[in-house]
Structure formats: structure tokens, C-alpha cells
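Understanding the architecture of this molecule
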Amino acid sequence: MVAQEPPAPEPSTPDSSAATRTTSSSRRDRSAQLRKVTLSGLLGTVIEYYDFLIYSSMAALVFGELFFPSLDAATSTIAAFGTLAAGYAARPLGGLIFGHFGDRLGRKSMLMITMLLMGGASFLIGVLPTYDSIGIAAPLALVVLRVVQGLSVGGEWGGAALMVVEHAGARRRGMWAGITQLGSPLGAFLSTVVLALITLLPKSSLLSWGWRLPFLLSALLLLIGLYVRLRIVESPVFEAAAAKASAQERRRIPVVQVLRRPRALVLACAAGIGPFALSALISSHILAYAKGLGFETSDIARALMLVAVVGIICIPVFSAWTDRLGRRAVGLIGAIGAALFAFPLYALINTGSVLLMTAGMMFAQVLQNLMYAPLAPMLSEMFGTGVRYTGISLGYQLASLIGAGFTPLIASSLVARAGGSSLPLSSIAAVAAGITIVAIWRISETRGRDLTEDDPVALSTPERTAP
């Protein structure tokens, strides 16, 4: 009997378990980076909204007396709101500048600069001498610092939103963007808590040093935000697009490309006017208006705190809804509701009841969140990678300028002319919501769009879903 040789060993193959481990590790790294990017965007948005709301609150409460003391009370308040509008006027310019370099050089570097400018300007406002110390130089310096804030904010939101959207997968893009947008109610909540604390001070202390504390707190927020932002990596979508871009494509000016096909920019701007106008009315102008009705500042501050809590709950929920229901459906529900509720809102406030005022403001915030939640993913999906930072920054910041920048100023002027009537305020809210309804109606669904596509989304085509 011939002994049989043992079977020859099979040719060696790559270790499939090692490949699996590598894939799993890569997936964990991407998830960890997405969480860091989201936290970075969240902190940037918190600082943005905290600084904005603290400034607008101080404009309503003390800036008129501190920086425009030679004017009567109503005129000085309008002048103080004028400095608020100056910052908003600078936002589109900031979006243009940082959007241009963000599309050419990358998202991360621009976000470092915007955070430094934003927090630094707020800190300097906190140490700024008033009119009694340096005369006319005080309001001029206040305007300059507010413009610096506006420039930095103009580039911050677009870059933060893009970093999250371009790191996230198509299926849950809205949810992750919603976490970044959660910075708006968190910033509002923080600013309201700080406002409630400093308004407990005697008026003499508030006017002498208390008003400075909220701005000095920005330094702490800035340090935390910079620490997190230093640890994130560049957007993979941008890196891929930059790697394959031709020399001719790299020479193109993003804003020129956007303006050659302006329909996307116009609709992006119009879609944001409704939520911004409503937010300005119930978070900024309400301080001056409700005080005129006899409400205590502490009661208004508590109402604003509850409004912020509503946003903390609703924005992530509604943002996740946009992944399921679509960006348009969620935005339209909020815009239609805001148009219908514009007049009942001020009817509740005008009763003089703290409970009814608070309930009206909280429900208005729900409607505002429905309009606001789809903006980050929807605007990002409307523009190609090479112009995306510029496109969404200009669209969003123009909306903020039109919808919120001039709203407190215009509202204060119209109420003064109308003898205290709230009719102009309800009309502003209703018209702004109507503009958003028309805009969203004209935008085709963007949910799930492949962000590697170079051209802006065809706004007249049906929904396109990434494979």
C-alpha cells in the first residue's frame, strides 16, 4: 500500500479578519471625527448666538443710556438698535470674504479665524469705555466692534454647517446638522441665564459694571471653542474636490459662479427670512416692547429662558424629521403656522398676562424652529462643492440681514409711529413667513443629494437621492 502524501497547503490569502479590523477602525475614526466636527460647530454656533443675543439685550436695556445719552429714551433705543443693524449689514460681506477663501483654501482655517474674531470683538466690547468717558468715540468704537462681530459671524455659520454636512452621511445629514444648529437655543439659553442674573443687580451697578460681565464671559467660551476646533480635520468632500480640480477651475471666483446662476442664492436667502424675522421679534425686540407694556424685565427674561428650552428640545427633533419627511415639508409646516399665528401672538402678549405672553412666545418658537431646522442641510445641498461655502454663507447672511438685522430697528420705529400698536409687528412676522413659504415652494427637495456633484442643484427637478 502506498502511503499518501498529506494534502498541500492552500495558497496563503490576506487575513480577512485583519481587513475587517482595519475597516472597523476606519469607521470608528470617521465617527469620532464627525463627533468632533459637530461639537466644534455646536460651540461656534453657541458663541455666535450668545454674542448676538447678549448684544441685542444690552441694546434694548442699557446701550441707549450708556452710548447715546444725549437723545431721548425712545430715540436712544432706536440708535442702539442701529448699531445692532450695523453688525448684520456686515454679515453678508463676511460671508463673501470667508466663503471665497473657504472655497479656495478650505473650511477649517476660515473657522479658526472667524472664532477668534467673534470672541475677541465681544471681549473688547466688555472693556469699552462709555460715552461719559470718551465721548463720541464710544459709540463709534461700539459700531466698529459690532461690524467685526458681523464679519466673523458671516463666515462662521456657513463653515460650521458645511464641516458637519460634508462629514456626515446622506441618510442622517439633517440630524447631524441639527446638533450644530442646537447652538442657537443653547446660546439663547446661556445668554438669558446671564441676563436674568445681571438684571438682579441694582440699576446703578448694572450701568457701571454689570453690563460688561456677559461680554467678558465670551473669552471663556472662545478658549473652549478653539481647543475643540484645533482637533478637527478638513472636510473630506472639499479635499476630494480640491484634489481633482483643474487649474482653470481653481482660478474661478466662487461668488461670480454663484451670481451667474442667482436663482439658488435668491431662494436660499428668501427661505431664511421668515425664521430670522420671527426670532428677532420674540428674542430681541420683545424686551423693549414688553417693557413698554409694563412687564418686568425679570418676567421677560424667564419667558425667554423657557423659549430657549423649547428650541433645545425642538431643533434636534425637527432636524431629524427633515431626513425622514424632507427639508421642504418641515419648513413649510413652520412657515404656514407662523403666518397664521402672527396676529394671535401679539394678542396674547398684549393681554398683560405673563403666563399668556410666555405661552405665545413658546409656541412661536416651535414654529420658528420648524422653519429654521431645515436651513443648514437644505442650503448646503443647493450648491456645488466649489462654491458651497460662498453660496450658503451669502444666502444665510442676506436672510439674517433682511429678516433680523433691521427688524428690531424697523419694529421700534413703526410701533412708535403707531402709538404703541402691535399691528406692525404682526404684519412683519406674517409677511416674512409668507416670503419663506413662496421660497420653499419653489425649491425642489434636496434631501439625500450627492454632495460631490459640482453644479448647484437643479431647483426645478424632482428629488435626487445619493446612492
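Everything here concerns the structure above.
Residues numbered from 1 in each chain as written. Predicted model: local features only at pLDDT ≥ 70, side-chain atom pairs only at ≥ 80, totals over all residues. Heavy atoms only, no water.

What to know about the overall build of the protein
- Helix and strand content of the protein: 21 helices and zero strands.
- Considering only intrachain contacts with a sequence separation of at least 6, the fraction spanning at least 24 residues in the protein is 85%.
- When the accessible surface of the protein is summed, it comes to about 19,300 Å², and 67% of that surface belongs to carbon and sulfur atoms. (Helix = DSSP H or I, 4+ residues; strand = E, 2+ residues; numbered from the N terminus. Contact = heavy atoms within 4.5 Å. Areas by Shrake-Rupley, 256 points an atom, 1.4 Å probe, with all protein chains shown as cover.)

Overview of the side chain of Ser-191
- Relative to the assigned elements, Ser-191 resides in helix α7 (residues 183-198).
- Its relative accessible area of 4% is what places Ser-191 among the buried residues.
- Only 2.8 Å separates the side chain of Ser-191 from the backbone oxygen of Ala-188, close enough to count as a polar contact. (Buried < 20%, exposed > 50% of the residue type's maximum accessible area, 1.4 Å probe, protein only. Polar contact = N/O pair within 3.5 Å; in protein donor to acceptor, adjacent residues only side chain to side chain.)

Focus on the packing of helix α5 (residues 137-167) against helix α19 (residues 388-405)
- Two elements in contact, α5 and α19, have axes separated by 9 Å at closest approach and are oriented at 125 degrees. Relative to α19, the element α5 lies oblique. In this structure, α5 meets α19 at a crossing whose hand is right-handed. Of the residues in α19, those in contact with Val-153, Gly-154, Gly-155, Trp-157, Gly-158, Gly-159, Ala-161, Leu-162 and Glu-166 of α5 are Arg-388, Tyr-389, Ile-392, Ser-393, Tyr-396 and Gln-397. (Axes fitted to C-alpha atoms, helices over the stretch in contact; angles between N-to-C directions. Parallel < 35°, antiparallel > 145°, perpendicular 65-115°, else oblique. Left-handed = near helix turned anticlockwise from the far one by under 90°.)

A few points about the pattern of salt bridges
- In the structure shown here, the tally under the stated rule is nine salt bridges.
- One salt bridge connects Asp-323 with Arg-327, and the closest N-O pair in it is separated by 3.0 Å. Neither Asp-323 nor Arg-327 differs from the other in exposure class; each is buried.
- Connected via shared salt-bridge partners are Asp-103, Arg-107, Glu-166 and Arg-388. (Salt bridge = Lys/Arg side-chain N within 4 Å of Asp/Glu carboxyl O.)

So, the nonpolar core
- Ranked by internal contacts, the top residues of the largest apolar core, which has 131 residues, are Met-58, Val-62, Phe-63, Phe-67, Trp-211, Leu-379 and Met-382.
- Among the elements that make up this core, the one with the highest residue count is helix α14 (residues 263-293) (18 residues).
- With sequence-adjacent residues up to four places away left out, Phe-67 is seen in contact with Leu-128, Pro-129, Thr-130, Tyr-131, Ala-138, Pro-139, Leu-142 and Trp-211. (Core = buried A, V, L, I, M, F, W, Y, C linked by side-chain atoms within 4.5 Å.)

Describing the packing of aromatic side chains
- One pass over the structure, following the stated rule, counts 11 aromatic pairs.
- When the centroid spacing of 5.7 Å and the interplanar angle of 85 degrees are considered together, the rings of Tyr-289 and Tyr-346 count as edge-to-face. Here Tyr-289 is found in helix α14, whereas its partner Tyr-346 is found in helix α16 (residues 327-349), with 57 residues between them in sequence.
- According to the relative accessible area criterion, Tyr-289 is buried, its value standing at 7%.
- What makes Tyr-346 buried here is its relative accessible area of 2%. (Phe/Tyr/Trp six-rings, centres within 6.5 Å; stacked < 30°, edge-to-face > 60°.)

Structural notes on a nonpolar patch on the surface
- Residues Phe-123, Leu-124, Val-127, Trp-209, Leu-213 and Leu-216 make up a contiguous nonpolar surface patch of about 510 Å² in total accessible area.
- Among the elements of the structure, α3 (107-126) and α9 (213-216) are those that each provide at least two residues to the nonpolar patch.
- Examined against the element boundaries, Phe-123 turns out to sit in helix α3. (Patch = residues over 30% accessible without salt bridge, like charges linked within 9 Å, V, L, I, M, F, W, Y side chains within 5 Å.)

A look at the environment of Ser-412
- Following the sequence through the fold, Ser-412 ends up in helix α20 (residues 407-417).
- Residue classification places Ser-412 among the buried residues on the basis of a relative accessible area of 12%.
- Setting aside residues no more than four positions away along its own chain, Ser-412 makes contact with Ile-78, Phe-81 and His-285.

As for the side chain of Ser-184
- Secondary-structure assignment places Ser-184 in helix α7.
- The contact partners of Ser-184, leaving out residues within four places of it in the chain, are Thr-45, Tyr-49, Ile-315 and Tyr-372.

Quick look at the environment of Ala-308
- Tracing the backbone shows Ala-308 in helix α15 (residues 297-325).
- With a relative accessible area of 3%, Ala-308 lands in the buried category.
- With 117 residues separating them along the chain, Ala-308 and Ser-191 place their C-alpha atoms 9.6 Å apart.
- Leave out the neighbours within four places in its chain, and Ala-308 touches Pro-185, Ala-188 and Phe-189.

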